[in-house]
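Below are the chains, spelled out letter by letter.
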Amino acid sequence: MKIGAIIVAAGRGERAGGGIPKQFRKLAGRSVLARSYQALAAHPALTAIVLVTHPHDTARLDAVDEELGLVTRRVVGGATRSDSVRAGLAALSDAGVDAVMIHDAARPFLSHALIDRLADALATHSAVIPVMPVTDALMRLDASGEILEAVDRETLGAAQTPQAFHLDTICQAHDQAAGQAFADDAAVIRAAGGTVFSVPGESGNYKLTRPEDFQRAEAELMSTAITVTGQGFDVHRLEPADTMWLCGVALHEGLGLVGHSDADAGLHAVTDAVLGCAGAGDIGQHFPPSDPQWRGAASDKFLLHALDLLAKAGGEAVHVDVTLICERPKVGQYRAAMQARLAELMELPMARVNIKATTTEKLGFTGRGEGLAAQAIVTARMT
Ligand code: CTP
Ligand code: MG
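Residues numbered from 1 in each chain as written. Chains lettered and ligands numbered in written order. Predicted model: local features only at pLDDT ≥ 70, side-chain atom pairs only at ≥ 80, totals over all residues. Heavy atoms only, no water.

(A) Main features of the packing of aromatic side chains. For the structure on display, the rule yields four aromatic pairs. Taking the centre distance of 5.7 Å and the plane angle of 50° together, the rings of Phe109 and Tyr206 count as tilted. Here Tyr206 lies in the loop between β12 (197-200) and α7 (211-223) and Phe109 lies in the loop between β6 (99-104) and α4 (112-121), a separation of 97 residues in the sequence. The class for Phe109 is partly exposed, based on a relative accessible area of 21%. Tyr206 gets classed as buried once you look at its relative accessible area, which sits at 8%. Aromatic side chains Trp294 and Phe302 sit 5.8 Å apart centroid to centroid with 80° between the ring planes, which places their arrangement in the edge-to-face category. Overall, Phe302 belongs to the buried group, its relative accessible area being 4%. (Phe/Tyr/Trp six-rings, centres within 6.5 Å; stacked < 30°, edge-to-face > 60°. Helix = DSSP H or I, 4+ residues; strand = E, 2+ residues; numbered from the N terminus. Buried < 20%, exposed > 50% of the residue type's maximum accessible area, 1.4 Å probe, protein only.)

(B) Just the site of ligand 1, in detail. Taken together, 19 residues sit near ligand 1, with Val8, Gly13, Glu14, Ser84 and Lys207 positioned nearest. Between ligand 1 and Ala10 there is a distance of 2.9 Å, counted from an oxygen atom to a backbone nitrogen or oxygen. Take Gly13: an N or O atom from its main chain is 2.7 Å from an oxygen atom of ligand 1. Put simply, ligand 1 lies in the largest pocket. Sorting the residues of the shell around ligand 1 by element identifies β1 (3-9) and α3 (81-92) as the ones contributing at least two each. Tallied by class, the residues present in the shell around ligand 1 amount to six nonpolar, six polar and seven charged. (Near = heavy atom within 4 Å. Polar contact = N/O pair within 3.5 Å; in protein donor to acceptor, adjacent residues only side chain to side chain. 1 Å grid on protein atoms, 1.4 Å probe; cavity = no way out; pocket = protein on both sides within 12 Å on 5 of 7 lines; lining within 4 Å. Sits in = over half its atoms within 2 Å of the grid points. Nonpolar A, V, L, I, M, F, W, Y, C, P; charged D, E, K, R; others polar.)

(C) Fine view of the packing of helix α8 (residues 265-278) against helix α11 (residues 335-346). Where α8 meets α11, the axes come as close as 13 Å, and the angle between the chain directions of the two elements is 35°. Judged by the twist between their axes, the crossing of α8 over α11 is right-handed. Residue-level contacts link Leu267, Val270 and Val274 of α8 to Leu342, Leu345 and Met346 of α11. Of the residues belonging to the contact of α8 with α11, the class tally is six nonpolar, no polar and no charged. (Axes fitted to C-alpha atoms, helices over the stretch in contact; angles between N-to-C directions. Left-handed = near helix turned anticlockwise from the far one by under 90°. Contact = heavy atoms within 4.5 Å.)

Remember, this is a structural readout, not a statement about activity or role.
What follows is the structure in structure tokens.
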């Protein structure tokens, strides 16, 4: 059975606050949407993924596109979650799948085991959802808050997503429910008279709904985080020139660095240090000097790509320390600009970016002014 997925991410996240829709907020360096997306995309059973988004979020989506990594179909959602799901189903209709898992972008912590359980159940059921037992005592209240009666929790459960369906079953049910809004897709099936099976949900697969859910998620991610370091080293030849690019800043000291790209040895060392944190090899593997597309390239690109790879590996750079080794140019007057540029590129506060410079007492190739060397150490938090 070929299974696709729909991620509904067109909501406004009003209860969560935070200034932007909750699916675009970052948790330990990676957006909620990227986390949900990657959890589904990394599962081999899911072939096509449709992302349902809000028309106001185009710029935000472009910003996470790199994080998402895979080419995905995007469609515009509707005013209610049910409308958004209908838009997603329409977009999935020609993807050649027999079944679909419909998932809230706001649940980024689902496991592969949960997807496995749902996929297995689809072999024998046309609608299956994850359900958690309810642990609190439950009661029915009136509008004033007075308790009317206790409700037996043994017969109740809390529904999660992804919710999995045979495609024809869920499409028919949603057609019948056109124009109506339901809390979830299991309710749409029930309204159409269908049956819905359940598998055990996961306590970790909670929905980020209120500000305290974000606090919980951050705290949980931090409690298991580890710190890694990566180091980088680069050398380029010096020659007379109008401009030298160093740590993303243009220096006009009558000297330039020679290389295939803009030869910014500072950014190359930082890029290699970031790749070190990500366990992703070195800059030459990702941007071979033999490839003409990198001729004269601004090295910002290399660093941003390395940071994306780090994010995909679950990492977030938290500190960078650079040492520039040369007799000339004198780095001092450019130090603050370099620090600011690196802070901007790496989304770090200035206090987490340090630029040092040293000479080698006229010894060696740097001492003779033949070349400039750069070293960098990047510290990253892996979650
Ligand atoms: N959703 C959607 N289209 C809507 C409403 C909700 O795609 N018109 C999505 C949300 O983006 C979210 C999921 O449905 O991933 C679950 O909804 P909810 O947690 O209620 O998210 P929001 O509607 O964004 O939040 P709030 O209700 O607090 O505004
Ligand atoms: Mg909502």
